[in-house]
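# Notes for the structure review
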Amino acid sequence: MAARVRAALYLRVSTGRQAESDLSIPDQRRQAKNYCASRGWEIVADYVEPGASATDDRRPEFQRMVDAATVKPPAFDVILVHSFSRFFRDQFQLKFYVRRLAKNGVRLVSITQELGDDPMSNMIRQIMALFDEYQSKENAKHTLRAMKENARQGFWNGALPPIGYRVVEAAEQRGHRTKKALEIDPIQAETVRLIYRLAREGNGSSGSMGVKSIAKHLNESGIRTRDGGRWGVDAVHKVLTRTTYIGRHRFNTKFWKTRERKPEAEIVEMAVPSIIEAAEFEAVQTLLKTRCPALTAPRIVSGPTLLTGICFCAACGGAMTLRTGKSGRYKYYTCSTKSRQGETGCKGRTVPMVKLDSVVAEHIEHRLLQPKRLEEVLSAVLHRRKERAERRAAHIAELRKRAAEAEAKLKRLYDAIENGIADVSDPLLKERVTELKSIRDQARADAERAEGALDRAGPSITPKALKTFASQARRRMRTESGGYRRDHLRALAQRVEVDAKEIRIMGSKSVLLRTLVAASSAKTAGFGVPSFVPKWRARNDSNVRPSDS
């Protein structure tokens, strides 16, 4: 008497939603049981995969079933599926696993696609798998297209929202489904604002804090993540770099399988309520870039020396490095070329560290950080900024005017139709109405985009704002012990050149303006360590040469 065939059922649906509400799995099980009963097979195992794609093998129940089928002796003789697409939607992977199972004497059988083991059946199975793979990719393409359009319209596609937000039902309903949207979670949003504040200005006893320091501060303060866990570097970095917090959530940024970034053309921006001001966000991005080890050496970012990485010899362009004397009692900035090659390489100067630090910091504190001096340094930049703002405002007014004119013309046409003057069936009339609607809607959309760009530029810089910024910056540059905060100083100066007769302090006007805008946008000034090409220089007559000692 022949041994009874032992069968394992593999039942699968693609999504969790299908698993919860669909009848597919019960129907697959019913058909599989009837199939086994008609052939006298014994069902010895039942593997159910709710909400798992068949495009790869990252499926817990699938792997458990394969393990049971590849041990010696195997736990069953046949794996029974409703169709081969339930097993795999990738023809290469299907072929690989069919061969792996066959080596251990286990067959793959489909209820709806009965095939043998001869060459013709194998070829047909591969053709079916190719069609399944194609269909899966087509479905994925159309689903992604619908999700991208959903995001463009401002609706949430699912998944866990970024910290600081929660998912709510939108007022709009499409068919039997209610759309979802994001709104600000008032409790978690405060944590997000705190993280940005720590990144800009620190906790009050230090300057701006790095990602690791912020995570440590949050954990020590008992502030937990949304799920009650401890903060890590990656979680803090995500908060600080998400454009979601300035009202622009980016959807479809990575390939879900490889996690590689997609081209910018594939990414969709979804409008959400903003938690952080755009100027504050940009100031933090500047800080993060300059703390990045790929752009700035870690010793420059975290070293204790005030001018490390920004102090250079004017004669040869080499860095001024720290040297000590008398067993570390005295410290000097010395031309690195001179230190390595002697005076034949460069006759650069050696300056006591305390004196050079004091000269640079006091010059910035007492000369640059004065409202009149700031206005003088930034006059050209502020003038261009004002001109751009005026041009944008005029452009917005023109767009609004164009939209209003189109709306007025539409109203007159509608009045003519109501009064029987115009024939509603006239094709020329329909074309004109469509044209006017297009002009009106386009003008309104362009005006809204221009207004958004104007808002992102930040508030206008007034004499009062300059005075407030100068006062706050002078106060925050100083530590409680009377020293200077290196990150605050570097927000205002990015290069110091030491010559035989003068010291040249240089910085970026654009960075200075960005810092000023960030300070005007928030309650307190935000400082950073900029990484831009220096474009402003204090007058030569205001530079002080440190005396030799």
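Residues numbered from 1 in each chain as written. Predicted model: local features only at pLDDT ≥ 70, side-chain atom pairs only at ≥ 80, totals over all residues. Heavy atoms only, no water.

## Brief notes about the environment of asparagine 104
Selection rule: Counting from the N terminus, the helices are DSSP H or I runs at least four residues long and the strands are E runs at least two residues long. Contacts are assigned to residue pairs with any non-hydrogen atoms lying within 4.5 Å of each other. Under the rule applied, a polar contact is a pair of N or O atoms within 3.5 Å (in protein, one hydrogen donor and one hydrogen acceptor; residues adjacent in sequence only if both atoms are side-chain atoms).
Within the secondary structure layout, asparagine 104 lies in the loop between α5 (91-103) and β4 (107-110). In sequence terms asparagine 104 and proline 73 are 31 residues apart; their C-alpha atoms lie 8.0 Å from each other. Setting aside chain neighbours within four positions, we find asparagine 104 in contact with Ala69, Thr70, Val71, Lys72 and Pro74. At a separation of 2.7 Å, a polar atom in the side chain of asparagine 104 contacts the main-chain carbonyl oxygen of valine 71.

## A closer look at the sheet that holds strand β11 (residues 330-335)
Applicable threshold: Strand pairing requires that DSSP identify at least two bridges connecting the strands. Note on definitions: angles span 0 to 180 degrees between N-to-C directions of axes, and those axes are lines fitted to C-alpha atoms, for helices only across the stretch in contact.
Pairing in this open sheet of 3 strands is antiparallel, and the strands run β10-β11-β12 from one edge to the other. Where the open sheet ends on each side, the last strands, each with one partner, are β10 (320-325) and β12 (350-352). Averaged over all neighbouring strand pairs, the angle between strand axes comes to 35 degrees, with direction disregarded. Pairing of β10 with β11 involves 6 bridges; the strand directions are antiparallel. Looking across to β11, one finds that arginine 323 is bridged to tyrosine 332. Of the strands in this sheet, β10, β11 and β12 touch helix α13 (residues 353-368), which is tilted by about 80 degrees from β12.

## As for the pairing of strand β1 (residues 6-12)
How we decide: Buried residues are those whose accessible area, probed at 1.4 Å on protein chains only, stays under 20% of the maximum for their type, while exposed residues exceed 50% and partly exposed ones sit between those limits.
Among the 7 residues in β1, 6 count as buried, and that is most of the element. Summarising the sheet, β1 and strand β2 (residues 42-49) pair through 7 bridges and their orientation is parallel. Counterpart to tyrosine 10 in the pairing with β2 is tyrosine 47. Direction of pairing for β1 relative to strand β3 (residues 78-81): parallel, over a ladder of 3 bridges. Paired with leucine 9 across the two strands is leucine 80, which belongs to β3.

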